[in-house]
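Fold and geometry: a report
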Amino acid sequence: MTARRRLIGAARKLRELGSIGSALASTSHPYMAHIVPMRRCNLACTYCNEFDDHSDPVPLAEMQRRIDELGRLGTSVITISGGEPLLHPDLDGIIRRIRKTGAIAGMITNGYLLMPERIQRLNRAGLDHLQISIDNVMPDAVSKKSLKVLDAKLKMLAEHADFHVNINSVVGGGTPPEDAYKVSTRALELGFSSTIGIIHDGSGQLKPLGAAERTVWDKVRKLTRRSYSRFNHFQEAIANGQPNDWRCRAGARYLYICENGLVHYCSQKRGNPGVPIADYSREDVKREFLTQKGCAPNCTISCVHQVSYIDHWRAPQTNPPRHNHDTSGLVQIH
Ligand code: SF4
Ligand code: SF4
């Protein structure tokens, strides 16, 4: 790693430590938001319910207004999600605006549209983190987010990216189990961090991983022990098919802003609370912090769990779940 990249990495770490400090000091602001600048995607993974094949990008000025609202609420980390963010014509302007609020800027992409010049532009815009989820080694009918297709893009990232790159591998959902190990090995070889997630079959019930999947899961977890987000037993319980006992702080510490500018608990609970970000207040954040989420025991959305973990030791949730908030199980998408 070059001295320049090391310096950029150290500055990023310092800002992250600051954001964790402010999250520990006060519970009345969001820690992380996912924001959707366009719903359209250039792929069509069959397990995904977060994309369409036709919608237009949200205009830059509107995205800037929404990002400023997240800044007003004191959001520490803003991650651009989709659909596919790289299809947005003004993505760099969106990243710049996130950085202008003082937040850490992240992006989740399928990586297909990355090129050296595009990566350099992301560097210049100030992107801090990028995540690609790679589902298998060879493309199949379920997913084309495949190592075989994306390896050239990973090499470009290794050469040009100044930002942190995480490669997420997955088990479950019919993917050949060994693929996750190959994906994570390749990610670490290129100097990235790597995490592993679980795709369930959409039946709405937690099920333990099968024997072959479990073996690979354990192998990858050993391999990625030093990766930044590998701390929790949340995923362990999911792998065992057991419900988790935790306080979901969605609507408070974590916000999901859809392409229409509405605040939702998360990608899988759209409609709760479903109000415009411009109208969302600190009072809403405080209320939702204390509101139980009926779907928490069977939830597989690890990013919301990780954010909620900051406050796991304080503030029991005394408000009952919202009436339109069902308790079904979930499928992890990204
Ligand atoms: S999982 Fe990602 S890449 Fe696949 S269709 Fe959904 S948004 Fe697109
Ligand atoms: S699905 Fe998970 S992250 Fe979303 S509101 Fe329910 S418990 Fe929270």
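Criteria and thresholds
- Residues numbered from 1 in each chain as written.
- Chains lettered and ligands numbered in written order.
- Predicted model: local features only at pLDDT ≥ 70, side-chain atom pairs only at ≥ 80, totals over all residues.
- Heavy atoms only, no water.
- Helix = DSSP H or I, 4+ residues; strand = E, 2+ residues; numbered from the N terminus.
- Buried < 20%, exposed > 50% of the residue type's maximum accessible area, 1.4 Å probe, protein only.
- Contact = heavy atoms within 4.5 Å.
- Right-handed = clockwise from strand over helix to strand, strands pointing away.
- Salt bridge = Lys/Arg side-chain N within 4 Å of Asp/Glu carboxyl O.

Let us now look at the environment of C248. By the element assignment, C248 lies in the loop between α8 (234-239) and β7 (254-257). Relative accessible area serves as the criterion here: at 10%, C248 is assigned to the buried category. In sequence terms C248 and S55 are 193 residues apart; their C-alpha atoms lie 31 Å from each other. If near-sequence neighbours (up to four positions away) are discounted, C248 is found in contact with T291, K293, A296, V304, S308 and Q317.

Looking along a regular strand, one sees side chains alternate from face to face of the sheet. With respect to burial, strand β6 (residues 193-199) is a largely interior element, seven of its seven residues being buried. On β6, burial covers both faces: S193, T195, G197 and I199 on one face and S194, I196 and I198 on the other are all buried. Between the parallel pair strand β5 (residues 164-172) and β6, the chain is carried across by helix α6 (residues 178-189), and the sense of this crossover is right-handed.

This paragraph deals with the pattern of salt bridges. On inspection of all chains with the given rule, the structure shows 25 salt bridges. One salt bridge connects D68 with R97, and the closest N-O pair in it is separated by 2.8 Å. Residue D68 is found in helix α2 (residues 60-72), and its partner R97 is found in helix α3 (residues 91-100); the two are separated by 29 residues along the sequence. Among the salt bridges present, the one from D135 reaches K145, with a minimum N-O distance of 3.9 Å. Separated by ten residues along the polypeptide, D135 in the loop between β4 (129-134) and α5 (147-160) and K145 in the loop between β4 and α5 bring together distant segments of the chain. Three or more residues are tied together by salt bridges with common partners; here these are D92, E117, R118 and R121.

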